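Fold and geometry: a report
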There are 2 protein chains.
Amino acid sequence: MTTRISSSSSRGRAYGGRSLDERRSKRRAQFVEAGIAVFGRDGFRAATVKSLCREAGLTERYFYESFANSEALFAEVYKTLVKRLEDDVVAAIDAAPAEPEATARAGLHVFFETMYRQPGTARILLIEIFGISGDIDRLYRETTQNFTRMLQELVGSIFALGEGSGTDARILSTGLVGSTIHIAMYWTLNRYGDPLEVVVESSLALYVAMARQSRAQDRA
Amino acid sequence: MTTRISSSSSRGRAYGGRSLDERRSKRRAQFVEAGIAVFGRDGFRAATVKSLCREAGLTERYFYESFANSEALFAEVYKTLVKRLEDDVVAAIDAAPAEPEATARAGLHVFFETMYRQPGTARILLIEIFGISGDIDRLYRETTQNFTRMLQELVGSIFALGEGSGTDARILSTGLVGSTIHIAMYWTLNRYGDPLEVVVESSLALYVAMARQSRAQDRA
DNA sequence: TACGTTTGACAACGAATAATGTCAATATGG
DNA sequence: CCATATTGACATTATTCGTTGTCAAACGTA
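Residues numbered from 1 in each chain as written. Chains lettered and ligands numbered in written order. Predicted model: local features only at pLDDT ≥ 70, side-chain atom pairs only at ≥ 80, totals over all residues. Heavy atoms only, no water.

**Considerations on the relation of the copies chain A and chain B**
Mapping chain A onto chain B is achieved by rotating through 180° and translating by 0.0 Å along the same axis, at an RMSD of 0.1 Å. Such values leave the two copies arranged in the relation of a two-fold axis. No C-alpha of chain A approaches the rotation axis more nearly than that of S179(A), which lies at 2.1 Å. Taken as a fraction of all interface residues of chain A, those also at the interface in chain B reach 100%, which identifies the copy contact as same-surface. (Least-squares fit on C-alpha atoms with pLDDT ≥ 70 in both. Contact = heavy atoms within 4.5 Å.)

**What about the protein's contact with DNA strand C?**
Surrounding DNA strand C, one finds 22 residues, the nearest of these being Y15(A), G12(B), R13(B), R27(B) and R61(B). In the interface set of DNA strand C, defined as its atoms within 4 Å of the protein, sugar plus phosphate atoms amount to 62%. Between DNA strand C and the protein, one listed contact pairs a sugar or linking oxygen with a side-chain N or O atom of Y15(A) at 3.0 Å. For the surface near DNA strand C, the secondary structure elements donating two or more residues are α2 (49–56) of chain A together with α1 (20–42) and α3 (60–66) of chain B. Broken down by element, the residue count for the surface near DNA strand C peaks at three residues, all from α3(B). Along the lines of polarity and charge, the residues of the surface near DNA strand C split into seven nonpolar, seven polar and eight charged. (Near = heavy atom within 4 Å. Polar contact = N/O pair within 3.5 Å; in protein donor to acceptor, adjacent residues only side chain to side chain. Helix = DSSP H or I, 4+ residues; strand = E, 2+ residues; numbered from the N terminus. Nonpolar A, V, L, I, M, F, W, Y, C, P; charged D, E, K, R; others polar.)

**Here we look at the domain arrangement of chain A**
In many reports, interface size means the accessible area that the parts give up when they come together. All names here are of chain A. Parsing chain A into structural domains produces domain 1 (15–67) and domain 2 (71–219). Here the C-alpha centre of domain 2 lies 29 Å away from the C-alpha centre of domain 1. In this assembly, 16 residues from domain 1 lie in contact with 14 residues from domain 2. Summed over both sides, the interface of domain 1 with domain 2 buries roughly 1,200 Å², with 72% coming from carbon and sulfur. Contact with domain 2 buries surface across domain 1, with I36, F39 and F44 losing the most and accounting together for 44% of the total. Our enumeration of links across domain 1 and domain 2 arrives at two salt bridges. (Domains from an automatic or database assignment. Buried area = accessible area lost by both parts, 1.4 Å probe. Salt bridge = Lys/Arg side-chain N within 4 Å of Asp/Glu carboxyl O.)

**Some details on the nonpolar core**
Judged by nonpolar contacts, the single largest core of 134 residues is most densely connected at F112(A) and F112(B). Discounting chain neighbours no more than four positions away, the residues touching F112(A) are T180(A), I183(A), A184(A), W187(A), L196(A), V199(A), V200(A) and S203(A). (Core = buried A, V, L, I, M, F, W, Y, C linked by side-chain atoms within 4.5 Å. Buried < 20%, exposed > 50% of the residue type's maximum accessible area, 1.4 Å probe, protein only.)

**Focus: unusual backbone geometry**
Residues and elements named next belong to chain A. In this structure, R191 is a non-glycine residue whose phi angle is positive, near 55°. Within the fold, R191 resides in the loop between α8 (169–189) and α9 (196–219). In this structure R191 comes out as exposed when scored by relative accessible area, which is 72%. With a phi close to 60°, Y192 is a non-glycine residue in the positive phi region. As for its position among the elements, Y192 is in the loop between α8 and α9.

**Here we look at the interface of chain A and chain B**
Across the contact, 43 residues belong to chain A and 43 residues belong to chain B. Buried area between chain A and chain B, both sides added, is near 4,000 Å², and the carbon and sulfur share of it is 65%. Taken as a group, R45(A), I171(A) and Y186(A) account for 18% of the area that chain A buries against chain B, more than any other trio of residues on that side. The interface formed by chain A and chain B contains 12 residue pairs in polar contact (both at pLDDT 80 or more). Listed by contribution, the elements that provide at least two residues to the side of chain A that touches chain B are α6 (119–128), α7 (134–154), α8 and α9 of chain A. Split by residue class, the side of chain A that touches chain B holds 20 nonpolar, 14 polar and nine charged.

Dropping the structure here:
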């Protein structure tokens, strides 16, 4: 232990024109981008701290400066990608005609387009997320719940899901979100062997069918 | 190398009243059961060869007698559980009234009941399966495809999915299967916080809605 | 009974990797 | 210019685990 405590002084001083906090958060961001690249390419299992550092162009010391372990970085990567996707989907929805089917189509289009254009993102969001740890499982569950809630609010009229015949609205929504996720997963694992538009329309058809079913029940 | 080749002789002789093949396949089966227990309890990542041997009551030598590595055992475990589930589902369907909705309900009931009564099985089939390796990903994709095909045949009339509006029947089926899988996953991760019957009915509602939608399209 | 087979307990070797530590080179502010 | 904060390359330590090998005891068969 040679560290000395200098009460006033130059600890945490500027470097390269940036404050300590700025440098730290820049390095942290570098690791998040490296994580997106490495986890998306090699998967979580095959990723090592060294490979993440190599990709980030930084050394282990700085990795542990920002993250307790690679699982913590993965959680951050996941949250970052979800946030970006969410922003894109919301933007597309806002730009679409204010009509339920068009809204849903616009959101689904951006979702599937992202999965297609960024296979690494697809791999992280759809596949790698599972089975890492209990904490990560919880993160997935919470994220999916948020997405389900968001869909319910945004395309509210489609989701006027009747409570008839012993069903539960939240479970129905979960099923619809699940159908979309699963179609995307299947599409990804099949190396995008179907045209984007067909995938979007097929996924959308499930929402539309459920909406009609609900309206039919309301009438009865 | 002290192994000598005795051409006629007692190599591969009986032991404990069982032939070599019988003993081998019994040991193999022990490892599969151990894998179900360990992978279901600890997950694939946390499972070691030693822990699998301890659970099986056998030593490493016999592990490598039957499997190249723990991934190979996992594949076998997965196939075994899928087969059992498939048999149970088919049996329930055969016993149900020969009417599409009742058939689908019976199948879904057995599916969700299995997930509820065997959380380890649920964990392996719904969560651990992802992100282990490219080979395992392929196994999942093929299994899901088979299940989709089976559902299409068994409840054929429900799946009279119209090809209208730019959709694809296989993708629609994938979406329906995905909704069920995802509801089960959600239910499992939420520690089975909803009543079984509500889960079954909600999952079923999506199939029913899609069927009505298809019939409506046929009429048009 | 005598021989080789089979079994199980456990040692041992090597590889990989997480996490921490060392040290010299460099940059900064006074 | 000097003291010190900062950085980066690399070493080190400790642990874990996969895989193969050793050996004695138990067993079956001729």
